[in-house]
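Here is what each chain is made of, one letter per residue.
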Amino acid sequence: MDAFLPLLTIFMLAVFVGFEIITKVPPLLHTPLMSGSNAISGITIIGALLSVAAEGRLSTILGFAALVLATVNVVGGFLVTHRMVGMFKKKD
Amino acid sequence: MSAVFIDLTYLLASILFIFGIKGLTHPRTAVRGNLLGAAGMSLAVAATLADREVLGAGALSLGHIAAGVGLGAAVGATLALRIQMTAMPQMVALLNAFGGGASALIAGAVLSTGGDPTAQTAVATVASGIIGSVTFFGSLVAFDKLQGLLLPDRPVHFPAQQAINVLLGVGALALGALVVGDPGDLTNYARLVAVGSVLGVLLTIPIGGADMPVAIALLNSYSGLAAASTGFVLDNNILIITGSLVGASGLILTRIMCKAMNRSLMNVLLGAIGPDVVGAAAGADDVYAGRIKSAAPEEVAMLFDGARRVVVVPGYGMAVAQAQHQVRDLANLLESRGTEVEFAIHPVAGRMPGHMNVLLAEADVDYDKLREMDDVNPSFAQTDVSLVIGANDIVNPDARTDPSSPIAGMPILDVDKSGTVVVVKRSLSPGFAGVPNPLFAADNTLMLFADGKQAVLDLIAAVKES
């Protein structure tokens, strides 16, 4: 339980931070918000890297599959978000 | 690299993610925000690669890593650069799926390395496995429905649907208890993932087209929660922080979408509107008989001629017809003739949150002209012509006036209050809710029966001639 409480604390505080910022995102940008949040949830790539490198054949295989999926999220998510937010222009 | 240094880098990356999302609160700062997020991700990946466990794992492991990253990056970049803006809901559905899948796989990988997992790790592994597999297969079903591959766009119901789902849920939890009891036995984890996968499919199958925005937002939230629980598996702060940010984001969007349809989340998930279709369709004749006025493009062009203010209301039909560029041309043409043109965007127009905004932004429409529902509704009384393109339920006045309607209480765009309403639509077929729309029969409404793109092209030609 030593590690659990600090982690739970971080989790709860991050949820509140999330609610605070994300309620301020206008409907105009809700689609980029979704693709962008997918990109950052590709942070599981870290876990995948550790699993690929860990001992054991099964860990390597599962980790490799996770690494491919998470990298699609990271690269695809940031790129497609970049494409989208670049389209929102103001003409004067 | 020392563990402290890695953790500090993770902290920095988390801060960059938060600033990155903050950037998305305004179109002016959105590009920078996204780049900050990408910078944070690069830092986090670099720090992990420098970790002794990864760097010291040998050439073979590093080869696997290079191959996995290369493959994922190639697929991700191809998808991101090739995807059409109209297909963005499919893209986000896929990304949701991959996020959930990655989490379930990592939890399995950690379990497979043996050792003696703490209670926290074991419980978090179970959570990652269930949420991850539900998200993966649920999102794939959503993708399939949006893309129109195997499953129909409409809700699919089968006998004892809810009972089966409850049984599967209980089964997954029971298997979870077995995993916690004996973490060394991987077969139970595999079974748990299998049950979660079936559950994901069955939970998404009843969800029909116009309810997709809710489903996608909810699955987005799940993919974040799966990442957060994987953070508990790995005792890793940055996964927990990022996962909870994404979980919160998806939850907020889900709530906004439900509110915009005046429906509870439960009601959407169970596909409750679907069965009403047959009963309601019978009423169409009473509503429409003898009252529909169909107009030619030339007549509409004459209306535009005298109009000071025109509001365009796009719906999913505009996306299907790929008509956003033509709509932009029409708007520019009218503006060049001195007419004020704005776009009224309903929160659930399209198949995902913000879908219409992205399409119109792609077509180079100034984002200041894209007006939110609450903001634009009071202005319809001063609007000479409202042009509804491929939208139906979101402009149905029954939502306001008929308490017995299945869409009663859903906030709508008050186009019926404008001088004239022009509805571009192929036929009088009902929208997703399956109910007739009295707007089409209203005294101030003209129907322009045609394909969305062709109708707008005809309107442009007619306006130029007049």
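Residues numbered from 1 in each chain as written. Chains lettered and ligands numbered in written order. Predicted model: local features only at pLDDT ≥ 70, side-chain atom pairs only at ≥ 80, totals over all residues.

A. Structural context of the overall build of chain A. For chain A, the helix and strand inventory stands at 4 helices and 0 strands. Here the C-alpha atoms of chain A give a radius of gyration of 17 Å, more than 25% beyond the 12 Å that 2.2 N^0.38 yields for 92 residues. Seen through its principal axes, chain A has C-alpha atoms that stretch 60 × 30 × 15 Å. Taken across its 92 residues, chain A has 65% of its residues classed as buried. Considering only intrachain contacts with a sequence separation of at least 6, the fraction spanning at least 24 residues in chain A is 60%. (Helix = DSSP H or I, 4+ residues; strand = E, 2+ residues; numbered from the N terminus. Rg over C-alpha atoms; globule rule 2.2 N^0.38 Å. Buried ≥ 20, exposed ≤ 12 C-beta atoms within 10 Å, placed from the backbone. Contact = placed C-beta atoms within 7 Å.)

B. Expanded view of the overall build of chain B. Summing up its helical and strand segments, chain B has 20 helices and 6 strands in all. Along the longest, intermediate and shortest principal axes, the C-alpha atoms of chain B span 75 × 50 × 35 Å. Split into buried and exposed, the 466 residues of chain B put 56% on the buried side. Long-range contacts, defined here as pairs at least 24 residues apart, represent 79% of the contacts in chain B between residues at least 6 apart.

C. A look at unusual backbone geometry. All names here are of chain B. Residue Ala160 is not a glycine yet carries a positive backbone phi of 55 degrees. Here Ala160 is to be found in the loop between helix 6 (119–147) and helix 7 (161–181). For Ala160, a count of 9 C-beta atoms within 10 Å puts it in the exposed group. Although it is not a glycine, Asn262 sits at a positive phi angle of roughly 50 degrees.

D. Examining the interface of chain A and chain B more closely. Each partner contributes residues to the interface: chain A has 78 residues there, and chain B has 95 residues. Those elements giving two or more residues to the side of chain A that touches chain B turn out to be helix 1 (4–22), helix 2 (30–41), helix 3 (45–53) and helix 4 (57–85) of chain A. The greatest single-element share of the side of chain A that touches chain B, amounting to 27 residues, is contributed by helix 4 of chain A. Here the side of chain A that touches chain B is built from residues that sort into 48 nonpolar, 24 polar and 6 charged. (Nonpolar A, V, L, I, M, F, W, Y, C, P; charged D, E, K, R; others polar.)

E. How the structure looks around the pairing of strand 5 (residues 420–425) of chain B. Residue and element names in this part refer to chain B. Burial analysis of strand 5 places 6 of its 6 residues in the buried class, which makes it a mostly covered element. Burial along strand 5 is two-sided: Thr420, Val422 and Val424 and Val421, Val423 and Lys425, pointing in opposite directions, are all buried. Sheet topology note: the strand 4 (residues 385–389)/strand 5 ladder contains 5 bridges and is parallel. Within the sheet, the bridge partner assigned to Ile389 lies in strand 5 and is Val424. Where strand 5 lies against strand 6 (residues 445–449), 5 bridges are found, and the strand directions are parallel. Opposite Val421, over in strand 6, you have Thr445 as the bridge partner. (Pairing = 2+ DSSP bridges.)

F. Summary view of the environment of Ser14 of chain B. All names here are of chain B. The residue Ser14 is located in helix 1 (residues 3–23) in this model. Distance from Ser14 to Gln324, taken between C-alpha atoms, is 37 Å for residues 310 residues apart in sequence. Ignoring any residue separated from it by four or fewer positions in sequence, one finds Ser14 in contact with Ile238, Ile241 and Thr242.

G. Quick peek at helix 4 (residues 59–82) of chain B. In this model helix 4 of chain B runs 34 Å from its N-terminal to its C-terminal C-alpha over 24 residues, within 8% of the 34 Å that 1.5 Å per residue would give. Regarding helix 4 of chain B, the residues found buried are Ser61, His64, Ile65, Gly68, Val69, Gly72, Gly76, Leu79 and Ala80 of chain B. (Expected span 1.5 Å × (residues − 1).)

H. Geometry of the sheet that holds strand 6 of chain B. Residue and element names in this part refer to chain B. One open sheet holds the 6 strands; their spatial order is 3-2-1-4-5-6, and the pairing between them is parallel. What marks the edges here is a single partner per strand, and that holds for strand 3 (370–372) and strand 6. Looking at each pair of strands side by side, their axes are set apart by 25 degrees on average, direction ignored. Where strand 1 (residues 309–314) meets strand 4, 5 bridges bridge the pair, whose relative direction is parallel. Across the sheet, the residue bridging to Val311 is Ser386, located in strand 4. The sheet contacts of helix 14 (residues 297–305) involve strand 1, strand 4, strand 5 and strand 6, and relative to strand 6 the element is tilted by about 135 degrees. This element, helix 16 (residues 324–336), spans strand 1, strand 2 (340–345) and strand 4 of the sheet and lies at about 175 degrees to strand 1. (Axes fitted to C-alpha atoms, helices over the stretch in contact; angles between N-to-C directions.)

I. Here's a closer look at the nonpolar core. Grouped together as the largest cluster of nonpolar side chains are 194 residues, with contacts concentrated most on Ala66 and Leu67 of chain A together with Val313 and Val388 of chain B. Each of domain 1 (3–274) and domain 2 (282–465) of chain B accounts for three or more of the residues forming this core. If near-sequence neighbours (up to four positions away) are discounted, Val313 of chain B is found in contact with Ala344, Ser386, Leu387, Val388, Ile389, Ala391, Val395, Leu413 and Val415 of chain B. (Core = buried A, V, L, I, M, F, W, Y, C linked by C-beta atoms within 7 Å. Domains from an automatic or database assignment.)

J. Broad picture of helix 4 of chain A. A rise of 1.5 Å per residue sets the reference length of helix 4 of chain A, with its 29 residues, at 42 Å; its end C-alpha atoms lie 41 Å apart and thus fit the reference within 8%. Burial runs high along helix 4 of chain A: 25 of the 29 residues are buried.

K. Structural view of the domain arrangement of chain B. All names here are of chain B. Each domain of chain B was delimited in the assignment, giving domain 1 (3–274) and domain 2 (282–465). Summarising the inter-unit geometry, the C-alpha centres of domain 1 and domain 2 are found 36 Å apart. Contact residues are listed per partner, giving 21 residues for domain 1 and 20 residues for domain 2. Sorting the residues of the side of domain 1 that touches domain 2 by element identifies helix 5 (88–112), helix 9 (212–234) and helix 10 (237–260) as the ones contributing at least two each.

L. Broad picture of the packing of helix 6 of chain B against helix 9 of chain B. All names here are of chain B. Contact pair helix 6 / helix 9: the axes reach a minimum separation of 8 Å and the direction vectors enclose 155 degrees. On the basis of the axis angle, helix 6 is roughly antiparallel to helix 9. Of the two elements, helix 6 crosses helix 9, and the hand of that crossing is left-handed. (Parallel < 35°, antiparallel > 145°, perpendicular 65-115°, else oblique. Left-handed = near helix turned anticlockwise from the far one by under 90°.)

M. Broad picture of the pairing of strand 2 of chain B. Residue and element names in this part refer to chain B. Within strand 2, 5 of the 6 residues are buried, which leaves the element mostly enclosed by the surrounding structure. Direction of pairing for strand 1 relative to strand 2: parallel, over a ladder of 4 bridges. Note on strand 2: the bridge partner recorded for Val312 is Phe343. Where strand 2 meets strand 3, 3 bridges bridge the pair, whose relative direction is parallel. Pairing of Ile345 across the sheet is with Glu372, part of strand 3. Between strand 2 and its parallel partner strand 3, the chain crosses via helix 17 (residues 355–362), and the hand of that crossover is right-handed. (Right-handed = clockwise from strand over helix to strand, strands pointing away.)

N. Up close: the packing of helix 2 of chain A against helix 5 of chain B. For the pair helix 2 of chain A and helix 5 of chain B, interaxial distance at closest approach is 10 Å and the crossing angle is 25 degrees. Taken together, helix 2 of chain A and helix 5 of chain B sit at an angle that is classed as roughly parallel. Where helix 2 of chain A crosses over helix 5 of chain B, the two elements pack in a sense that is left-handed. Facing Thr31, Met34, Ser35, Asn38 and Ser41 of chain A of helix 2 of chain A, the residues of helix 5 of chain B in contact are Met88, Met91, Val92, Leu95, Asn96 and Gly99 of chain B. Each residue belonging to the contact of helix 2 of chain A with helix 5 of chain B can be placed in one class, and the counts come to 5 nonpolar, 6 polar and no charged.

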